[in-house]
Amino acid sequence: MTMTNKTKKTKPMKRTIAALSVAAMLAPVAMAAPAATAMAQATTGAPAIRASTPAIKASAAAATTPALALSLAKSGLRLLDAQGRVVDEFSVRAKRWDRRALADGTTVALLQDADSGALRLIEVRGDRLRERARWAAPAVDVEAVCLYLEPRQQTLQAFLLGSDGLSEQWLLTTPSSPTRGMAEGQVLRLFAAVPDAKACAVRDDEGTLYVAESDVGLWAFNADPERAGRELVAPGLAPQDLPLWLEARASRLAPVIPVAVPSAQTEPVRGAGDAADDPAIWVHASQPARSRILGTDKKRGLAVYDLQGRETQFLPVGRVNNVDLRQRLRYDGRDWDLAVATQRDQRSVLLFGIDAAGRVKTLAELPTGLEDVYGICSARNPAGGLDVFVNDKDGRLIQLRVARKGGGWTAAEVASLKLATQPEGCVADEAGRQFFVGEEKRGLWRVALDADGKLGDATLILPVGETLHADVEGMAVHRGPRGAWLVVSSQGNDSYVVLDADAPHAVKGRFRIGLNAARGIDGVSETDGLDVTSTSLGGEYGEGLLVVQDGHKRWPMGRQNFKLVPWGEVVRVIEGSGTTPR
């Protein structure tokens, strides 16, 4: 964790903890990362200070040499030895800067050029300073700069706090190229900080950005670009007292949840705001690589995407909330691939047919008798036809059995149950003769299916708590060589819980979906719906595919979309194989 602010002239000060302040902080070059607690120097010519962590040698070759330190002077960034003598200097006029030690031990510093406004990433290489990347001046009028080494994926990010409060969070480097830098500035998000920020600090291990505002106090922001929110944690705290405040308080360590890496993303949905909701995967019978993803835009209609995320079709059918499908159903002596979606305005279920090429066509609208249709899922019943499970916000869940008569489609209720509060996400596991449904604020239910495929007794198998956070959202079952795994969206903490689908339904682990810098894909948060297939779709989807809705589209910021994750990546994370992510 480091703290920086604008450079300004100060009087000489003693090397004591009591003297540490916003205006005078510095640490040895090879500080421990990412959770180090020393502050970065922000005063021209200030000496090197280490608050608590012992000095680490600059390199293996310099094992008998005292650690080096960085200092910002009027003439540029300086590399100093233990006696304060200049070992090397990078000439630049700068006022705002910060530094971090990366996972491989390399130390980098980010400075804003006071003349051009450009951001310059400087690397300590042995006893020399070298420029590794340079980006054009950001769009905001930068008041303070803070670096953030994201602990889960070890990406180096920067907070650029604007003088008017409008601020940017940038992605600078990734673990695969920690000091090369991105080809151009990658803005992960815009956010409102505070006007005229006088100092900032990031505690990497707790994922918190602290910003000091004069005459107001100290604000805490979530450093995760996928999450918003701020809190005034120290009202009235003067900016110069920020380092002492941090020294006196231990980090609030966040739970460590492993990260899966997405492989692709769909084009944004057409509707603005909270529009994307639920996906369903259709598998091409003879060419799996030509499979399709159906995704609801709950403001506009139903979109169809290929596995590269390109929209291939859009059906303007209005406010459809959730979607599900089953293939090779038997009606009229032939196979049908059928999809269903809840139409909220009409309080009905829309029935779609999918042809051999993955083209979708509306077949019928089926009444439900519910007041506020919401979630939906489907199953192949023992007779080979389609059953549809539809729920209402009041807790009711009904099971409809779809029939085909005289060339038309009908549905009749065959079973029902009632939960105490609002459900939504659900999945039928025909092979296990069971049905799972999420009660958003209470937890995950397992419902037995009888010999006719109808709803039976219900049991709460995982309540909301430390592992599963409300709201409980989308879910799907993957049956493969490792057994049956149930994946559930734990929306409240942007994660996914994986359980054994079969009794006793033990929790296998949980994961989050991070960014894929190499492919320009942002991370995922606040997932509503998801779907899984265990069918090999070829290439990186040889073990199947997970598709999830992304509640916040970053990098670039825009309308929501869906993310694709190879099932092998989920296995890697849950089983901890240690394989390098794609």
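Nothing here was measured: the structure is a model prediction, and the numbers come from that model. (Residues numbered from 1 in each chain as written. Predicted model: local features only at pLDDT ≥ 70, side-chain atom pairs only at ≥ 80, totals over all residues. Heavy atoms only, no water.)

Participant: Please clarify how the overall build of the protein chain should be interpreted in this entry.
Facilitator: Helix and strand content of the protein chain: 2 helices and 41 strands. For the protein chain, buried positions account for 58% of its 582 residues. For the protein chain, the proportion of contacts with a sequence separation of at least 24, taken over those separated by at least 6, is 51%. (Helix = DSSP H or I, 4+ residues; strand = E, 2+ residues; numbered from the N terminus. Buried < 20%, exposed > 50% of the residue type's maximum accessible area, 1.4 Å probe, protein only. Contact = heavy atoms within 4.5 Å.)

Participant: What is the right way to read the sheet that holds strand 27 (residues 373–380) from this model?
Facilitator: Judged by pairing direction, the sheet is antiparallel, and its 4 strands sit side by side in the order 27-28-29-30 without closing on themselves. In this open sheet, the two strands that pair with only one neighbour each are strand 27 and strand 30 (408–418). Within this sheet the neighbouring strands show an average axis-to-axis angle of 25 degrees, counted without direction. Where strand 29 (residues 396–405) lies against strand 30, 10 bridges are found, and the strand directions are antiparallel. Bridged to Lys405 within strand 30 is Gly408. (Pairing = 2+ DSSP bridges. Axes fitted to C-alpha atoms, helices over the stretch in contact; angles between N-to-C directions.)

Participant: What exactly am I supposed to notice about unusual backbone geometry here?
Facilitator: For residues other than glycine, phi is negative in most cases, and the peptide bonds are mostly trans. Following Ala470, the chain continues to Asp471 via a peptide bond in cis, the omega torsion being 5 degrees. With respect to the helices and strands, Asp471 occurs in the loop between strand 34 (455–463) and strand 35 (472–480). The phi dihedral of Arg328 is positive, around 55 degrees, even though this residue is not glycine. Position of Arg328 among the secondary structure elements: in strand 23 (residues 320–331). Positive phi outside glycine occurs at Trp555, with the angle close to 45 degrees. Position of Trp555 relative to the elements: it lies in the loop between strand 40 (545–550) and strand 41 (561–566).

Participant: Sorry, what's going on with the packing of aromatic side chains here?
Facilitator: Two aromatic rings, taken as a pair, are described by how far apart their centres are and by the angle between their planes. Summed over all chains, the structure comprises 10 aromatic pairs. Here the aromatic rings of Tyr305 and Phe562 are separated by 6.2 Å at their centres, their planes lie at 55 degrees, and the arrangement is tilted. Of this pair, Tyr305 sits in strand 21 (residues 301–305) while Phe562 sits in strand 41, and the two are 257 residues apart along the sequence. The class of Tyr305 is buried, set by a relative accessible area of 1%. Sitting over the ring of Phe191, Arg189 keeps its end group 4.6 Å from the ring centre. Residue placement shows Arg334 over the ring face of Trp336; its charged tip is 3.8 Å from the ring centre. (Phe/Tyr/Trp six-rings, centres within 6.5 Å; stacked < 30°, edge-to-face > 60°. Lys NZ or Arg CZ within 6 Å of the ring centre and 35° of its normal.)

Participant: It is not clear to me how helix 2 (residues 567–575) should be interpreted in this structure. Could you clarify?
Facilitator: Spacing of three or four residues puts side chains on the same side of an α-helix, whose turn is 3.6 residues. Buried residues dominate helix 2, accounting for 8 of its 9 residues. Just downstream of helix 2 lies Gly576, where phi reads positive at about 60 degrees.

Participant: What am I meant to see in the sheet that holds strand 4 (residues 86–91) here?
Facilitator: Strand pairing in a sheet is mediated by backbone hydrogen bonds. Such pairs are either parallel or antiparallel. Reading across from one edge, 2-3-4 is the order of the 3 strands in this open sheet, with antiparallel pairing throughout. At either margin of the open sheet sits one strand with a lone partner, and together these are strand 2 (69–73) and strand 4. With strand direction ignored, the average angle separating the axes of adjacent strands in the sheet is 25 degrees.

Participant: Help me out: how do you make sense of the state of the cysteines in this one?
Facilitator: As used in these notes, a disulfide is a covalent bond between sulfur atoms, one from each of two cysteines. Counted by the stated rule, this structure contains 2 disulfides. What pairs with Cys146 in a disulfide is Cys200, and their sulfur atoms sit 2.1 Å apart. Between Cys146 and Cys200, the S-S torsion sits near 115 degrees, and that sign places the bridge as right-handed. In this pair, Cys146 is assigned in strand 9 (residues 142–149) and Cys200 in strand 13 (residues 199–203), connecting sequence segments 54 residues apart. When sorted by exposure, Cys146 lands in the same class as Cys200, which is buried. Across a sulfur-sulfur distance of 2.3 Å, Cys377 and Cys426 are joined as a disulfide pair. Of note, the bridge from Cys377 to Cys426 carries an S-S torsion of about -120 degrees and is left-handed in sense. Of the two residues, Cys377 sits in strand 27 while Cys426 sits in strand 31 (residues 423–429), which places them 49 residues apart along the sequence. An identical accessibility class is assigned to Cys377 and Cys426; each is buried. Sequence-ordered numbering of the bonded cysteines in the protein chain gives a disulfide pattern of 1-2, 3-4. (Disulfide = S-S within 2.5 Å.)

Participant: I tried to follow the confidence of the model for the protein chain on my own but got confused; where do I start?
Facilitator: When pLDDT drops low, the exact placement of atoms in the prediction is not to be read closely. Per-residue confidence for the protein chain gives a mean pLDDT of 87, with 86% of residues at or over 70. In this model residues 1–66 is a low-confidence stretch, pLDDT under 50, and it forms 175 contacts with partners more than four residues away in sequence or in other chains. Of the regions scoring below 50 in pLDDT, residues 577–582 engages in 10 contacts with residues more than four places distant in sequence or in other chains. (pLDDT = per-residue confidence, 0-100.)

Participant: Sorry, what's going on with the pairing of strand 32 (residues 434–439) here?
Facilitator: Successive residues of a regular strand alternate their side chains across the two faces of the sheet. Burial within strand 32 is extensive, with 6 of its 6 residues counted as buried. Going residue by residue along strand 32, you find Gln434, Phe436 and Gly438 tucked away on one face and Phe435, Val437 and Glu439 tucked away on the opposite face as well. For strand 31 and strand 32, the ladder comprises 5 bridges, and the chain directions are antiparallel. When the sheet's bridge partners are listed, Val427 is paired in strand 32 with Phe436.

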